[in-house]
Amino acid sequence: MEFQHELIIPDEGFPFKLFLFEGYNGNYVREKHWHASIEIFAVMEGQLTFFLNEEEYLLTAGKFLIINSNEIHSIHAPEKNRTAVLQIPLKLFEEYFTAQRFIRFSRPEMPDTGDRKEKNRKTAFLMGEIFRVYETGKQEKSRPVGYEFKIRALFYEIMYLLVTEYRETEVQERELRYNKKLAVLSRITTYMREHYQEDLKLSQVAAAFGYSPEYLSRMFRKYIKVNFKTYLQDIRMTYAYRELMHTDKTISQIAMEQGFCTSRAFSGEFRKRYGTLPSELRRKGHK
């Protein structure tokens, strides 16, 4: 299988991840990948082309697309664009699962007429609005009063539309079988994100899910394209980077809290990943 798993970690203080699509300058291709989270792409300017389940979708300004959990997709952005991306952890939909931890949402264009067309316009508007408000509050000193409440209000209005207007209640057996292939690994990676600060071992995680260490190791290499240890380090480094840039904790404290045995080991891994020492990056960030 020529696709990779994407590691998604919610933004600090919020139950979702929201950002500007990285291919905004154009001449960009995001190769085939998958993730457990539900994902919404909303194009505000320009256009994108999605390849999803062997189908092609052209997304122009004012349109959006819902990517379901574990759906393999790629994105082509030949021209400049401005696209908001909202990633929602699957566990937030637990009360609405159809079967076997499964939930699926229909595409906005199915059909894009009548009442559905109005709901599509509303969802696209909310996506643009939540991104606009989110952008204005990036700097804590300039955040408007009630910023967090406004962001959450917009987010939950989008969630409401998802479960009331786009959720599919009838699921075919073949879809469940297909989803099951990647859903198991999604639960394992979620477990790792919840326990990454502990001294996690491959054998421990494998046992927790009823697998042998050898079988779990093969799963990581086949579906995620990296080994267990590298994936665990990716999780730890992502959280450590956030702590480094947004808190006043010492580097030693961050290293210990993020599961590294010593600050020296943390600094070495950090340099390999980011090309600089954590102390140097923090100095540059505080200038």
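Data block above holds the structure.
On a predicted model such as this, the values are computed, not experimentally measured, just so you know.

### Here's the deal with the overall build of the chain
Phase 1: A count of helices and strands for the chain gives nine helices and nine strands.
Phase 2: Relative to its full complement of 287 residues, the chain shows a buried share of 45%.
Phase 3: A fraction of 72% describes how many contacts in the chain between residues 6 or more apart in sequence connect residues 24 or more apart.
Phase 4: Surface summary for the chain: the accessible area is close to 15400 Å², and the carbon and sulfur share equals 49%.

### Thoughts on the nonpolar core
Phase 1: Core analysis: the biggest nonpolar cluster contains 33 residues, and Leu86, Phe93 and Leu162 have the highest contact counts within it.
Phase 2: Elements supplying a minimum of two residues to this core: strand E4 (38-45), strand E7 (64-67), strand E9 (82-88), helix H1 (114-136) and helix H2 (147-166).
Phase 3: Ranked by residues supplied to this core, first place goes to H2 with ten residues.
Phase 4: The contacts of Leu86, once residues within four sequence positions are left out, are Phe16, Lys17, Leu18, Ile38, Glu39, Ile40, Met127, Phe155 and Ile158.
Phase 5: Core analysis: the second largest hydrophobic core is formed by 22 residues, Ile9, Val184, Tyr223 and Phe228 among them.

### Focus on the environment of Ile188
Phase 1: Examined against the element boundaries, Ile188 turns out to sit in helix H3 (residues 173-195).
Phase 2: The sequence separation of Ile188 and Val205 amounts to 17 residues, and the corresponding C-alpha distance is 7.7 Å.
Phase 3: With residues near it in sequence (within four places) discarded, Ile188 still touches Val205, Phe209, Tyr211, Leu216 and Phe220.

### Comments concerning the packing of aromatic side chains
Phase 1: Scanning the entire structure with this criterion turns up 20 aromatic pairs.
Phase 2: Ring centres 4.6 Å apart and planes at 35° place the aromatic pair Phe16 and Phe155 in the tilted group. Linking Phe16 in the loop between strand E1 (4-5) and strand E2 (17-20) with Phe155 in helix H2, this pair joins segments that are 139 residues apart in sequence.
Phase 3: Consider the rings of Phe64 and Tyr166, whose centres lie 6.1 Å apart with planes at 85°: the pair is edge-to-face. Here Phe64 is found in strand E7, whereas its partner Tyr166 is found in helix H2, with 102 residues between them in sequence. Judged on exposure class, the residue Phe64 and its partner Tyr166 are both buried.
Phase 4: Of the aromatic side chains, those joined through ring pairs into one cluster are Phe14, Phe16, Tyr134, Tyr147, Phe155 and Tyr156.
Phase 5: Its end group placed over the ring of Phe19, Lys17 keeps NZ or CZ at 5.3 Å from the ring centre.

### Side note on the pairing of strand E8 (residues 73-77)
Phase 1: Among the five residues of E8, four are classified as buried, and the element is accordingly described as predominantly covered.
Phase 2: In this structure, strand E3 (residues 28-34) lies alongside E8, joined through four bridges in antiparallel fashion. For His33, the partnering residue across the bridge sits in E8 and is His73.
Phase 3: With four bridges connecting them, strand E5 (residues 47-52) and E8 associate as antiparallel partners. When the bridges of E8 are listed, Phe50 appears paired with Ile75.

The rules behind each value
- Residues numbered from 1 in each chain as written.
- Predicted model: local features only at pLDDT ≥ 70, side-chain atom pairs only at ≥ 80, totals over all residues.
- Heavy atoms only, no water.
- Helix = DSSP H or I, 4+ residues; strand = E, 2+ residues; numbered from the N terminus.
- Buried < 20%, exposed > 50% of the residue type's maximum accessible area, 1.4 Å probe, protein only.
- Contact = heavy atoms within 4.5 Å.
- Areas by Shrake-Rupley, 256 points an atom, 1.4 Å probe, with all protein chains shown as cover.
- Core = buried A, V, L, I, M, F, W, Y, C linked by side-chain atoms within 4.5 Å.
- Phe/Tyr/Trp six-rings, centres within 6.5 Å; stacked < 30°, edge-to-face > 60°.
- Lys NZ or Arg CZ within 6 Å of the ring centre and 35° of its normal.
- Pairing = 2+ DSSP bridges.

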